[in-house]
Amino acid sequence: MSFPWAKHYEPKQPLMRWLDEKLPLPRLVYNAVGAGYPVPRNLNYFWNFGVLAGAALAIQIVTGIVLAMHFAANAGVAFGSVESIMRDVNAGWFLRYAHANGASMFLLVVYIHIGRGLYYGSYKAPREMVWLLGVVIFLLMMATAFMGYVLPWGQMSFWGAQVITGFFSAIPLVGESIRVWLLGGFAPDNATLNRFFSLHYLLPFVIAGVIILHIWALHIPGSNNPTGVDVKGEQDTVPFHPYYTAKDAVGLGVFLLLFALLIFFSPNLLGHPDNYIEANPLSTPAHIVPEWYFLPFYAILKSFTADFILPAKLWGVLAMFGSILLLFFLPWLDSSPVRSANYRPKYRAFLIVLLLDVLVLGYVGGAEPIARNVVLGQIAAAYYFAHFLIILPLVAASERPRPLPGSITEAVLAKHGGTSPAKTAIA
Amino acid sequence: MVRLISILVGAAFVGVLAIALFGTVATAISDPAPETAEAIYHQHPEDIGLSSNGFFGRFDRRQLQRGFQVYKEVCSACHSLKFVAFRDLTELGYSEPEVKAIASQWAIEQPSVNPETGEATTRKNIPSDRFPSPFANEVAARAANNNALPPDLSLMAKARHDGTNYIHALLMGYRTQPAELVRKFPGAKTPTGLHYNPWFANLNIAMPPPLTSDGQVPYADGTRATKDQMARDVAAFLTWTAEPKLERRHAAGLASVVFLLIFCFLAWGAYQNVWRDVKH
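Cut-off values and rules
- Residues numbered from 1 in each chain as written.
- Chains lettered and ligands numbered in written order.
- Predicted model: local features only at pLDDT ≥ 70, side-chain atom pairs only at ≥ 80, totals over all residues.
- Helix = DSSP H or I, 4+ residues; strand = E, 2+ residues; numbered from the N terminus.
- Rg over C-alpha atoms; globule rule 2.2 N^0.38 Å.
- Buried ≥ 20, exposed ≤ 12 C-beta atoms within 10 Å, placed from the backbone.
- Contact = placed C-beta atoms within 7 Å.
- Domains from an automatic or database assignment.
- Nonpolar A, V, L, I, M, F, W, Y, C, P; charged D, E, K, R; others polar.
- Core = buried A, V, L, I, M, F, W, Y, C linked by C-beta atoms within 7 Å.
- Pairing = 2+ DSSP bridges.
- Axes fitted to C-alpha atoms, helices over the stretch in contact; angles between N-to-C directions.
- Parallel < 35°, antiparallel > 145°, perpendicular 65-115°, else oblique.

A. Molecular detail of the overall build of chain B. Per the secondary structure count, chain B includes ten helices and four strands. Along chain B, from the amino end to the carboxyl end, the secondary structure elements read α-α-α-α-β-β-α-α-α-α-β-β-α-α. For 280 residues, the compact-globule estimate of 2.2 N^0.38 gives 19 Å, and chain B exceeds it by more than 25% at 27 Å. Each of the three principal axes of chain B carries a C-alpha extent, and together these read 85 × 70 × 50 Å. Classification of the 280 residues of chain B by burial places 30% in the buried group. At a minimum sequence separation of 6, the contacts of chain B that also span at least 24 residues come to 65%.

As structure tokens, then:
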């Protein structure tokens, strides 16, 4: 996709012209992230997070492939092979800590990326497909992260696998058979570990493929922007390169800085000490908790403590998966034609409540299951579903949005107090 | 239509949660969870301020050697150290001949096979061996320890919350169970064979106090071996066994962070330069 004023790739050197005729990859890059892709000029730093997610994926793949050269996916030796990586493999400690903390960074960045989408209405027409592909990527990431955590075969690895695969037994009639089929046995054991390793290696490449579709789908209409107003003319955009390559470099630097602080100075901050104990099927840990990025969903799961037609366990499983699946329907649940929450005061207020709600759910997911926390979780889970399924459809119909700017350029000029048109032209 | 279905589904989830909430509150009022002894009497360890703490932490090699001596003379009778090899001890400042001597003189020998008869036997340790377990298998370990399994200590500093300080607090924490506790929670009275230690998660630990008196381990470097000193030294040693690359990690971290700070600064400058003439 390009706007009519997009720059065209015109190779001058003979080698580049030859390549352009035979396999136009440089043209593809030029049109996707180079000077040939016009992007709204008013993007803020929340637009950095897509690239950061891609960088995090690349880091995970590189560290993961090297780790896989040294890891042994057999229940008797897996834990020992990870310790051997930490102690004997050159820079093995770095690879392991980078990969484990890289998963946390990847999910942090993706959560902020999704938050951007929710706030600025990036899921709305004409970008519904971008959003749907994004939710698919998120689901694949969660599966990959879960399976990766099982691989070191520590206490949390084993018992986390036990809990999560236990969900399948909640399905009536066929649930238990499905669970045993997935596990390769009656409980997580060597068969489970082996197949999780295989799938954990595979899925990141599936994610990479879906990301290509995700970016392709985005480049058809082009990027959204903080006002939510469509691009109207050349003065509304700048070429991706060098403007956003430069800005992404800054974002990348900050990302890597935070990542380095984690890996080198606090590598076990986000982990659980129980995963440094070898898996023991006969000894259940006092508190089985997933990694921080799954805590809100874990809280939703645990909140369903009452039977009502269906058993509570099944409600919990349906709600936990439902909490992510409902994201697929978001473009149709929220029918407001106004994209950006900057111009939707009611929607914006509810979104801020949702953010706080998710943080509360995260806290409850990891906290002791005392009555106070269970009640907090139940209220927070109720709000989560109410927000997406009841509040959003009604808000779209009943709110009065603030007046939108006429164009992106108008919004930019208003911010700078208005000035001569020459200043807004690209140098 | 979409709106109708979504409101119904939303109402279903919210409704079931409301029922669950009612149940939780009703149970909390009518049958509240009783207090537990652990909740009241469990203690959290204090920071012992080891040299390896903090961003620029480094090990104190003399302390690590003392800690190794404590492990060797007190702990190794029951606790394995299976992820550490004898050759790793060169990092504590021992020379190669010293490490060879430590290995060959180690009380527990390495399982082996008699090359002539094929029978199971043992041989002296060499530096490339990992520390052998004091017990042949878990059954033997439990049989010798009142059915308790002494855990491997290689990762203990990472396998417990605030592990380094926990190890010190636990070793120093043995005391008589307070009468008040037994009065309030008669069921939590320390059973025979266990020992009261409020730093242990469920207050009663199977391990008898390993550090019983000052001077128990006569330190090679002449430091006064008080119980507190021995506890600190073995905590430092076990921090090293869990994180042998700590110093290398901190050094690499410092270099990376300085590099990235400069990179961020330059990237910011380039960004400002690129966008200078464009309003945004």
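Don't stop here, the text continues.
B. The arrangement of the overall build of chain A in detail. When helices and strands are counted, chain A shows 17 helices and two strands. In terms of overall size, chain A behaves like a compact globule, its C-alpha atoms giving a radius of gyration of 24 Å where 427 residues would be expected to give roughly 22 Å. Seen through its C-alpha atoms, chain A measures out along the principal axes to roughly 75 × 60 × 40 Å. Going through the 427 residues of chain A one by one, you find that 44% of them count as buried. Considering only intrachain contacts with a sequence separation of at least 6, the fraction spanning at least 24 residues in chain A is 76%.

C. Just the domain arrangement of chain B, in detail. Under the domain assignment used here, chain B contains domain 1 (37-74 + 152-244) and domain 2 (252-280). Here the C-alpha centre of domain 2 of chain B lies 46 Å away from the C-alpha centre of domain 1 of chain B.

D. View of the interface of chain B and chain A. Counting residues at the interface gives 51 residues for chain B and 55 residues for chain A. Elements with a minimum of two residues in the side of chain B that touches chain A: α1 (2-30), α6 (156-159) and α10 (246-274) of chain B. Here the side of chain B that touches chain A is composed, by residue class, of 34 nonpolar, ten polar and seven charged.

E. Summary view of the nonpolar core. Residues Leu52, Ala53, Ala56, Phe106, Val109 and Leu151 of chain A are the most contacted members of the largest nonpolar core, which totals 54 residues. Put simply, the parts of the chain that give this core at least two residues each are α3 (49-68), α4 (78-87), α5 (92-120), α6 (128-150), α7 (155-166), α9 (190-219) and α10 (240-265) of chain A. Setting aside residues up to four positions removed in sequence, Ala56 of chain A forms contacts with Gly102, Met105, Phe106 and Val109 of chain A. Among the nonpolar cores identified, the runner-up in size contains 44 residues, and Tyr71, Ala159, Trp240 and Ala242 of chain B belong to it.

F. Representation of unusual backbone geometry. The linkage connecting Ala125 of chain A with the following residue, Pro126 of chain A, adopts the cis geometry, with an omega of 0 degrees. Put simply, His241 of chain A and Pro242 of chain A share a cis peptide bond, and its omega is 5 degrees. Assignment of secondary structure puts Pro242 of chain A in helix α10. Its identity is not glycine, yet Asn146 of chain B carries a phi of approximately 55 degrees, on the positive side. Considering the arrangement of structural elements, one finds Asn146 of chain B in the loop between α5 (138-144) and α6.

G. Summary view of helix α7 (residues 163-172) of chain B. Residue and element names in this part refer to chain B. Taking burial as the measure, the ten residues of α7 include ten buried ones, the bulk of the element. Along α7, the positions that sit buried rather than exposed are Gly163, Thr164, Asn165, Tyr166, Ile167, His168, Ala169, Leu170, Leu171 and Met172. Buried-residue contacts for α7 involve α6 and α9 (227-242).

H. Layout of the pairing of strand β2 (residues 120-123) of chain B. Across four bridges, strand β1 (residues 110-113) of chain B lies against β2 of chain B in antiparallel orientation. Bridging from a neighbouring strand, Ser112 of chain B pairs with Thr121 of chain B of β2 of chain B.

I. Expanded view of the packing of helix α3 (residues 61-75) of chain B against α9 of chain B. Residues and elements named next belong to chain B. Direction vectors running N to C along α3 and α9 enclose 100 degrees, while the axes themselves pass 7 Å from each other. Between α3 and α9, the crossing angle belongs to the class labelled roughly perpendicular. Of the residues in α9, those in contact with Gln63, Leu64, Arg66, Gly67, Phe68, Val70, Tyr71 and Cys75 of α3 are Met230, Asp233, Val234, Ala236, Phe237 and Trp240.

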